[in-house]
Structure formats: C-alpha cells, structure tokens
Amino acid sequence: MQANQLSYQSKVYKTYFSIDANNYVDKIACYENSYTEIEQLVDLAKAQIEIDYTLSLFQVGRYHQYIAQSTPLIEKVITENIFHFQGEDIFQKLLFNKAASLYNIGDIEEASQVLLELCKMDPGNQTYYSFASKTLRMLSYRKYDKMKAAALGMILVALLIIVFEILIARTLMEHIVAPLEFSRNALMGASVGLLILHEFKIRIYIKNVIQSAIASKSA
C-alpha cells in the first residue's frame, strides 16, 4: 500500500473527517489534540485536514488564529496545486475568510487590500465587489470628512436659526422672520446638496479604486 493510501486509511484521518461537517468545535479539538499524528501524514492528506481545521477556526470566530494559520496555508495550496476543497475554490475561500477576519479585528485597510486582490481574480463576483466597496467606504470617510463636516455644520446652524426664529423672532422681531426663513432654508438646501455630492464622490472613488485594481491585472 502506498504512503498516501496509508495516510487516508490512518486512524487520525478517519477520525477527523468522521466528525460532523458543522461541528467546528470538535474538529478543532481533534486537530489540536492529534497534532503530532497529523504532522506525520503525507502532504496532501495533512493539507486536507489543515485546510478544514483553518476554516473551522474562522467559523468559531478565532480570527487572529485564522489569519496566522491561513497565511502559510494560502502559499501551500499554491505550491501543492490544491485548487478545490469540498467543491470550492480553496485559494479564494481562504483569502476571502482572511479579509473577513481582518475586517472583524478592525484592520480595515489590510482587509480592503485582500478584497481588491479577490476582485482582480473574479471581477464579476458581487460578494467580493460589495465587501470591497464596504471597506473602501469606511476608509474614504477620512478622505471626504471635511465635506461631510461642512454639511453637518450647515444643518446645525439652520437648526439654531429655527430655534431663534420660534422663541424670539416671531414674537419680538417679526421684521427679520422672512430673512431668517430664507437663511435657514438656504442652509438646509445647501447641506442636502453637499451630502448628495459627498455620497456621489465616495461612490465614484470606490468604483475607480476597484476598476483600477481589476485593470492592473492585465497591465
């Protein structure tokens, strides 16, 4: 019997994959308790368990550990030509889960970079596009925060004018009511216009960044 056949028939291999597919806690425990035996398996059999274990870490929310485990594993699936696992493109799945893990621990910039790489690989994937857009939107707030701050400032001034108009002007200074109404309406209109422009600029920025990333693939 060849070495790879022995690995697939080994007790630890059978035990690990006999665990229910959704029982991530038990699979993690099995891997960590049987680490020495798993390390002795041939590369492909060991890689299959490592991949499943790493995916299980993500499912239970051990994001820091997933990132540490997936980084060398992503290189491994390339070097060992492991293209699919359980019917999925395992390279992209590992990358996507890495992006989600980075996002969940607050590393938005790094998550965005990984997602842009995924957009390059599969430009038509709406999940990648939407998630990349979400991270880029979060990063872009700093880029356009002055515009949004100006709009919110206008709204605040307009509200103060309304309060002054109701409490004082309409009873004691009726001659300035009309100018006040014009001023606060102008401020509200300008603030809405600025917020619309703010949203438009962010959407254009996101679209351009993703399209530039996709275009760089063929450059």
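Residue indices follow the written sequence of each chain, beginning from 1 at its first position. Local features in a predicted model are, by the rule used here, given only for residues with pLDDT of at least 70; side-chain atom pairs are given and counted only at 80 or more, and totals for whole chains, interfaces and linings are based on all residues. Neither water nor hydrogens contribute to the side-chain values; these are computed over all heavy atoms in the structure.

Thoughts on the overall build of the chain
Going along the chain from the N terminus, every DSSP run of H or I of four or more residues is numbered as a helix, and every run of E of two or more is numbered as a strand. In terms of regular secondary structure, the chain is built from 11 helices and 2 strands. Its C-alpha atoms give the chain a radius of gyration of 28 Å, clearly above 17 Å, the size a compact globule of 219 residues would have. Think of it in three bands: residues with accessible area under 20% of the maximum for their type are buried, residues over 50% are exposed, and the middle band is partly exposed, with areas taken using a 1.4 Å probe on protein chains only. Each of the 219 residues in the chain was classed as buried or not, and the buried ones make up 36%. In this description, accessible areas are obtained by the Shrake-Rupley approach with a 1.4 Å probe, and a residue is regarded as covered only by the protein chains that are shown. Summed over its atoms, the accessible surface of the chain is roughly 12,800 Å², and 58% of this surface lies on carbon and sulfur atoms. When charges are counted, Lys and Arg are positive and Asp and Glu negative, with His and the chain ends excluded. Taken as the charge location is NZ of Lys, CZ of Arg, CG of Asp or CD of Glu. Side chains of the chain give 21 positive and 22 negative charges; the mean places of these two sets differ by 6 Å. We compute the radius of gyration over the C-alpha atoms and compare it with the globule rule, which gives 2.2 Å times the number of residues raised to the power 0.38.

Digging into the packing of helix H7 (residues 90–104) against helix H8 (residues 108–121)
When two helices pack together, their arrangement is given by the angle between the helix axes and the distance between those axes. For every element, the axis is a line fit to its C-alpha atoms; helices are fit only across the contacting stretch, and the angle between N-to-C directions ranges from 0 to 180 degrees. Contact geometry of H7 with H8 gives a least axis separation of 8 Å together with a crossing angle of 155 degrees. The pairing of H7 with H8 is recorded here as roughly antiparallel in orientation. Crossing hand, H7 versus H8: left-handed. Contacts between H7 and H8 involve Phe91, Gln92, Leu95, Phe96, Ala99, Leu102 and Tyr103 on the former and, on the latter, Ile108, Glu110, Ala111, Val114, Leu115, Leu118 and Met121. In this scheme, roughly parallel covers angles under 35 degrees and roughly antiparallel covers those over 145, while 65 to 115 is roughly perpendicular and the rest are oblique. Handedness of a crossing is defined here by the sense of rotation of the near helix relative to the far one, left-handed for an anticlockwise turn of less than a right angle and right-handed for a clockwise turn. Any two residues having at least one pair of non-hydrogen atoms within 4.5 Å are treated as being in contact.

Structural notes on the packing of aromatic side chains
Side-chain rings of Phe, Tyr and Trp (the six-membered ring for Trp) are treated as a pair once their centres are within 6.5 Å; stacked means planes under 30 degrees apart, edge-to-face means over 60, and tilted covers the remaining angles. Scanning all chains against the criterion turns up 9 aromatic pairs. Judged by centre distance (5.9 Å) and plane angle (70 degrees), the rings of tyrosine 31 and tyrosine 35 are edge-to-face. By relative accessible area, which is 41% here, tyrosine 35 ends up partly exposed. With a centroid separation of 5.8 Å and an interplanar angle of 65 degrees, the aromatic rings of phenylalanine 58 and tyrosine 63 are classed as edge-to-face. Residue classification places phenylalanine 58 among the buried positions, given a relative accessible area of 15%.

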